[in-house]
Amino acid sequence: MLIELKGINICHDDLCVVESADFRVGAGDFIYIVGPVGAGKSSLLKSLYGELPLPPKKKKDVGDTRHAEVLGYDLLRLKRKHLPDLRRRLGVVFQDFQLLRDRTVYDNLYFVLKATGKPRKERDARISEVLQLVGMEDKAHKFPHELSGGMRQRAVLAIALAGNPQILFADEPTTALDVTVQAQILDLLRDVQQK
């Protein structure tokens, strides 16, 4: 299993937004999490990539049957120093694009690959590969403000894919896009999932 949750509550301060979550995700699964605004979808994703910590298990809690695991990492016992290791194995498409505005698409990708430890001699080839995958080979030297919303979302997807993630999380990847571009992004996500 890539992801396994059992009896997990996800809370912000004293407010629980998700109660007793139970689900499993295996290799090759393509999952949609749907619900109204405020239902806890983004909070669930944030907990899976460690931005929103789950209440830890304590050794004395013998009857605590909660379980939360992502790629073999126990999220209930995960130390902050191990978060970068987990996150290198994940790709995240954020709903607010998260592009560095003062850098081109190429430079955004290069920055991520350098930060995640990709060897220098492999960076250019990987950048070309992911830009081709998302249909942006001709947009490498464009700045985010020069791109349409759909192209910015493709750039963010390229960044999320750059490190060859084992799991790709996409938080509302089609928000604020027109229907045609929404369909293109969803088709692109399905294509990526099948590769």
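Here the structure is a predicted model, which is why all the values come from computation and not from measurement.

Trainee: Help me out: how do you make sense of the packing of aromatic side chains in this one?
Mentor: How two aromatic rings sit relative to each other is given by the distance of their centres and the angle of their planes. One pass over the full model with this rule turns up four aromatic pairs. Ring plane angle 40° and centroid distance 6.3 Å describe the contact between Y49 and F169, whose orientation is recorded as tilted. Here F169 lies in strand β6 (residues 167-170) and Y49 lies in the loop between α1 (41-48) and β3 (67-70), a separation of 120 residues in the sequence. You can call F169 buried: its relative accessible area is 6%.

Trainee: Explanation requested: the sheet that holds β3 in the structure shown.
Mentor: Judged by pairing direction, the sheet is antiparallel, and its four strands sit side by side in the order β2-β1-β3-β4 without closing on themselves. Since the sheet does not close on itself, it has two edges, and those belong to β2 (15-25) and β4 (73-74), each with one partner. Relative to β2, strand β1 (residues 3-12) is paired through seven bridges, and the arrangement is antiparallel. Following the sheet pairing, I8 is matched in β2 by A21. α1 contacts β1, β2 and β3 of the sheet and is inclined by roughly 120° relative to β1.

Trainee: Can you help me understand the pairing of strand β5 (residues 90-93) in this one?
Mentor: Along any regular strand the residues' side chains alternate between the sheet's two faces. By the alternation rule, side chains of β5 split into L90 and V92 and G91 and V93, which are all buried. With four bridges connecting them, β5 and β6 associate as parallel partners. Each bridged residue has a counterpart across the sheet, and for V93 the counterpart in β6 is A170.

Trainee: Even after reading the chapter, I still don't get a nonpolar patch on the surface, so can you show me in this structure?
Mentor: A contiguous nonpolar patch, built from F30, Y32 and V34 and spanning about 330 Å² of accessible area, is present on the exposed surface. Along the chain, V34 turns up in the loop between β2 and α1. Owing to a relative accessible area of 73%, V34 belongs among the exposed residues under this scheme.

Trainee: What's the story with the pairing of β3 in this structure? I'm lost.
Mentor: Taking every second residue as pointing to the same face, the buried face of β3 carries A68 and V70, while none of H67 and E69 on the other face is buried. Of the strand pairs in this sheet, β1 and β3 are connected by four bridges, and their pairing is antiparallel. Bridge pairing in β3 links K6 to H67. For β3 and β4, the ladder comprises two bridges, and the chain directions are antiparallel. Residue pairing in the sheet places V70 in a bridge with Y73 of β4. Linkage of β3 to β4, two consecutive antiparallel strands, is achieved through a turn of two residues, within which L71 is found at a positive phi near 50°.

Trainee: Any chance you could explain the pattern of salt bridges here in plain terms?
Mentor: Oppositely charged side chains are able to pair whenever their charged atoms sit close together. Evaluated as defined, the whole model comprises nine salt bridges. A salt bridge links R66 to D64; the nearest nitrogen and oxygen atoms lie 2.9 Å apart. Judged by relative accessible area, R66 falls into the buried class, the value being 18%. R88 is the salt-bridge partner of D85, the closest N and O atoms lying 3.0 Å from each other. Here D85 and its partner R88 are both found in helix α2 (residues 83-88), three residues apart, which amounts to about one turn of the helix. Overall, the relative accessible area of 33% leaves D85 in the partly exposed class. For R88, a relative accessible area of 41% translates into the label partly exposed.

Rules behind the numbers
- Residues numbered from 1 in each chain as written.
- Predicted model: local features only at pLDDT ≥ 70, side-chain atom pairs only at ≥ 80, totals over all residues.
- Heavy atoms only, no water.
- Phe/Tyr/Trp six-rings, centres within 6.5 Å; stacked < 30°, edge-to-face > 60°.
- Helix = DSSP H or I, 4+ residues; strand = E, 2+ residues; numbered from the N terminus.
- Buried < 20%, exposed > 50% of the residue type's maximum accessible area, 1.4 Å probe, protein only.
- Pairing = 2+ DSSP bridges.
- Contact = heavy atoms within 4.5 Å.
- Axes fitted to C-alpha atoms, helices over the stretch in contact; angles between N-to-C directions.
- Patch = residues over 30% accessible without salt bridge, like charges linked within 9 Å, V, L, I, M, F, W, Y side chains within 5 Å.
- Areas by Shrake-Rupley, 256 points an atom, 1.4 Å probe, with all protein chains shown as cover.
- Salt bridge = Lys/Arg side-chain N within 4 Å of Asp/Glu carboxyl O.

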